[in-house]
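# Structural description and commentary
This is what each chain is made of:
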Protein chains: 2
Amino acid sequence: MTILPRRSRLTGASSSDRGLPNATVARLPLYLRALTQLRSQGSQTCSSDQLAESTGVSSANVRKDLSHLGSHGTRGVGYDVDHLRAEIAQAIGQTQDWNVVLVGAGNLGTALAAYPGFTSRGSRIVAVVDADPARVGEQVGDLAIESIDHLETIITERAVSIAIVATPGQAAQTVADQLVGAGVTSILNLAPVALRVPEGVDVRQVDVAAELQILAYHEQRKGHPREEAEVSR
Amino acid sequence: MTILPRRSRLTGASSSDRGLPNATVARLPLYLRALTQLRSQGSQTCSSDQLAESTGVSSANVRKDLSHLGSHGTRGVGYDVDHLRAEIAQAIGQTQDWNVVLVGAGNLGTALAAYPGFTSRGSRIVAVVDADPARVGEQVGDLAIESIDHLETIITERAVSIAIVATPGQAAQTVADQLVGAGVTSILNLAPVALRVPEGVDVRQVDVAAELQILAYHEQRKGHPREEAEVSR
DNA sequence: TCGATTTTGTGAACGCCTTCACCAACTCGT
DNA sequence: ACGAGTTGGTGAAGGCGTTCACAAAATCGA
């Protein structure tokens, strides 16, 4: 009666294939960032200690992560910056640019559309859509806002596989359903709700308000001294 | 996952005191959100299954988390929504509003300043500062941009203990140093760099570009079918 | 060439977190 | 009152990830 449980939604580090541990994958972008900076400073090699320094990860952890790539540094020397960069870029699919559709042209959406940091890091926003007909046609960055009704066409014709959801909370699930229906299999959700998506679709959640609440918890435990009379000057 | 990219220095769930596991703390905001919604829908009680449903956490995990609060649901019935809300709110310090200073009035900064979701979830932005003198005085939301030179005064006089850093990457470390020097002990960093802070200061990192890169990794492993000729119509 | 030094790669230990399995406690219908 | 159905609490087991500690491999100076 015992059936082998199929891997969970997205946690699955799973099987024997070339899959990297999830925790490692989450740190690869950090290494890439650091390596880019080191390169621009002229370094040709770097040690795990240097990478640790500039990413906040422990050096042992850096080495373990990089060893998963099959990457070979040189003992006594360190890693070749260019080579390692290329290797990580390949691992996370940075050899190509990924086309991204941004749903929701509110404050946050427009801010993201204008952010130059995506392009330099492997993603390109190729469309901004909004549900409000009044906004359609409006220029945001170098893109014009399009109607959400055209979502499916946009996604298929522009080879979009990743979407950013920056709508109000109430709309997010509906939008997600449309996205999934149109073939999107990766969603970055900035709306403060948990999205329900079918197996095989990845969702990553970013919730700034929640992050603040987490900080508040720790702050409270420190005894939030600002509440009492100024003690430390 | 978030996860997080998690900070090494503060990971200590540690000792015998009232500390909750870090993973639990990170989920409390989700429960709070879900409970607020359930309440607005008229529910007076809810089961761990319902909470699991609306947060994406497993029901066993929900129960374990809530048990850490010492919270007592009623078997066969569930949890009292109002009571549980109050209990979680207390745990994460939502009984008061936390004063937050926002550094950096760029696209992202102004978007956050206008976001209404903070106030309803325990944080209140009480100042927006920017390094550009030309921006000082400009209105953003219902606050006027102030000079970053006044940071220390602002922080002490307005009892700020949490800061959001939304500056360009190059400026982030300098800003963080100033913040820490002025007494801030919790930082939410939106700049794409790792901040170095002294022990006792908490940093949480939010990096949208990195999240996209993580999604791209998984997308690549799915075989990004959009790269091939349209097979599935 | 040799010894001192640097730095990677990695097995093993450890710790945190999740999941499982099941008991206890409550409701409801009859 | 009782039995069936529901739901929370929790110890135990298992998995994942980090840290530790050290051997192996490279450089460098003399």
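Notes on the structure in this doc start here. (Residues numbered from 1 in each chain as written. Chains lettered and ligands numbered in written order. Predicted model: local features only at pLDDT ≥ 70, side-chain atom pairs only at ≥ 80, totals over all residues. Heavy atoms only, no water.)

Turning next to the interface of chain B and chain A. Contacts between the two partners involve 78 residues from chain B and, on the opposite side, 74 residues from chain A. Between chain B and chain A, roughly 6,600 Å² of surface is buried when both sides are summed, and carbon and sulfur atoms account for 58% of that area. Linking chain B with chain A are 10 salt bridges. Of the charged contacts, one joins Arg204(A) and Glu211(B) as a salt bridge, the two residues approaching to 2.3 Å between their closest N and O atoms. Our count for the contact surface shared by chain B and chain A stands at 27 residue pairs in polar contact (both at pLDDT 80 or more). Here the side of chain B that touches chain A is built from residues that sort into 37 nonpolar, 25 polar and 16 charged. (Contact = heavy atoms within 4.5 Å. Buried area = accessible area lost by both parts, 1.4 Å probe. Salt bridge = Lys/Arg side-chain N within 4 Å of Asp/Glu carboxyl O. Polar contact = N/O pair within 3.5 Å; in protein donor to acceptor, adjacent residues only side chain to side chain. Nonpolar A, V, L, I, M, F, W, Y, C, P; charged D, E, K, R; others polar.)

Residue and element names in this part refer to chain B. Running from N to C, helix H1 (residues 22-40) and helix H4 (residues 81-91) cross one another at 150 degrees; their axes reach a closest spacing of 10 Å. Here H1 is positioned roughly antiparallel relative to H4, judged by the angle of their axes. The way H1 lies across H4 gives a crossing that is left-handed. Of H4, the residues touching H1 (which contributes Leu28, Tyr31, Leu32, Leu35, Thr36 and Arg39) are Val81, Asp82, Leu84, Arg85, Ile88, Ala89 and Ala91. Residues of the contact of H1 with H4, tallied by class, amount to 9 nonpolar, 1 polar and 3 charged. (Axes fitted to C-alpha atoms, helices over the stretch in contact; angles between N-to-C directions. Helix = DSSP H or I, 4+ residues; strand = E, 2+ residues; numbered from the N terminus. Parallel < 35°, antiparallel > 145°, perpendicular 65-115°, else oblique. Left-handed = near helix turned anticlockwise from the far one by under 90°.)

We now examine the protein's contact with DNA strand D. In the vicinity of DNA strand D lie 25 residues, with Arg27(A), Ser58(A), Ser48(B), Arg75(B) and Tyr79(B) positioned nearest. Sugar plus phosphate, as a fraction of atoms of DNA strand D within 4 Å of the protein: 69%. Gly73(B) places a main-chain nitrogen or oxygen 3.1 Å from a phosphate oxygen of DNA strand D. Contact distances for DNA strand D include 2.7 Å between a base nitrogen and a side-chain N or O atom of Arg75(B). Taken together, the elements giving at least two residues each to the surface near DNA strand D come down to helix H1 (22-40) and helix H3 (59-68) of chain A together with helix H3 (59-68) of chain B. When grouped by side-chain class, the residues that make up the surface near DNA strand D number 6 nonpolar, 12 polar and 7 charged. (Near = heavy atom within 4 Å.)

When chain B is brought onto chain A, the operation consists of a screw motion whose angular component is 180 degrees and whose axial shift is 0.0 Å, with 0.0 Å RMSD remaining. The superposition of one copy onto the other is thereby described by a two-fold rotation axis. Interface overlap between copies is the fraction of interface residues in one copy that are interface residues in the other; for chain B against chain A it reaches 95%, indicating a shared surface. (Least-squares fit on C-alpha atoms with pLDDT ≥ 70 in both.)

This part takes up helix H8 (residues 208-221) of chain B. Residues and elements named next belong to chain B. If you check H8, its first and last C-alpha atoms are 20 Å apart, about what 14 residues at 1.5 Å a residue would give, namely 20 Å. The N-cap residue of H8 is aspartate 207: its side-chain oxygen and the backbone nitrogen of alanine 209 are 3.1 Å apart. Positioned one or two residues after H8, glycine 223 has a phi angle of 90 degrees, which is positive. (Expected span 1.5 Å × (residues − 1).)

Below, the discussion takes up the sheet that holds strand E5 (residues 139-140) of chain A. Residues and elements named next belong to chain A. Taking strand neighbours across the sheet as the criterion, the 7 strands line up as E5-E6-E4-E3-E7-E8-E9 in an open arrangement whose pairing is mixed. Each end of this open sheet is capped by a strand with a single partner; those strands are E5 and strand E9 (202-205). As paired elements, strand E3 (residues 98-103) and strand E7 (residues 162-165) share 4 bridges and run parallel to each other. What sits directly across from valine 101, in E7, is alanine 163. (Pairing = 2+ DSSP bridges.)

A few words now on the packing of aromatic side chains. All names here are of chain A. Under the defined criterion, the tally for this structure stands at 2 aromatic pairs over all chains. On the basis of an interplanar angle of 80 degrees and a centroid distance of 5.1 Å, the ring pair of tyrosine 115 and phenylalanine 118 is categorised as edge-to-face. With a relative accessible area of 32%, tyrosine 115 lands in the partly exposed category. Classification of phenylalanine 118 by relative accessible area gives buried; the value is 3%. (Phe/Tyr/Trp six-rings, centres within 6.5 Å; stacked < 30°, edge-to-face > 60°. Buried < 20%, exposed > 50% of the residue type's maximum accessible area, 1.4 Å probe, protein only.)

Moving on, we come to the protein's contact with DNA strand C. In the region of DNA strand C, 26 residues are neighbours, and Ser48(A), Gly73(A), Arg75(A), Tyr79(A) and Arg27(B) sit closest. Counting only the atoms of DNA strand C within 4 Å of the protein, the fraction contributed by sugar and phosphate is 70%. The contact in question runs from a phosphate oxygen of DNA strand C to an N or O atom on the backbone of Gly73(A), over 2.7 Å. One of the side-chain N or O atoms of Asn61(B) is found 3.3 Å from a sugar or linking oxygen in DNA strand C. For the surface near DNA strand C, the secondary-structure elements that each account for two or more residues are H3 of chain A together with H1 and H3 of chain B. Here the surface near DNA strand C is built from residues that sort into 5 nonpolar, 14 polar and 7 charged.

Attention shifts here to helix H7 (residues 169-181) of chain A. All names here are of chain A. Between its terminal C-alpha atoms H7 stretches 19 Å, which fits the 18 Å expected from 13 residues at 1.5 Å a residue. Listing the buried residues of H7 in full gives Ala172, Val175, Ala176 and Leu179. Tucked inside the fold, the buried residues of H7 contact E3, helix H6 (151-157), E7 and strand E8 (186-189). Once H7 finishes, glycine 183 follows within two positions and takes phi at roughly 110 degrees, a positive value.

This part is about unusual backbone geometry. Here the phi dihedral of Ala159(A) falls at roughly 55 degrees; this positive angle occurs in a residue that is not glycine. Relative to the helices and strands, Ala159(A) resides in the loop between H6 and E7.

Note on pairing: side chains with opposite charge can pair once their charged atoms come close. This model, assessed by the stated rule, comprises 20 salt bridges over all chains. In the salt-bridge network here, residues are joined through shared partners; they are Arg33(A), Arg121(A) and Asp207(B).

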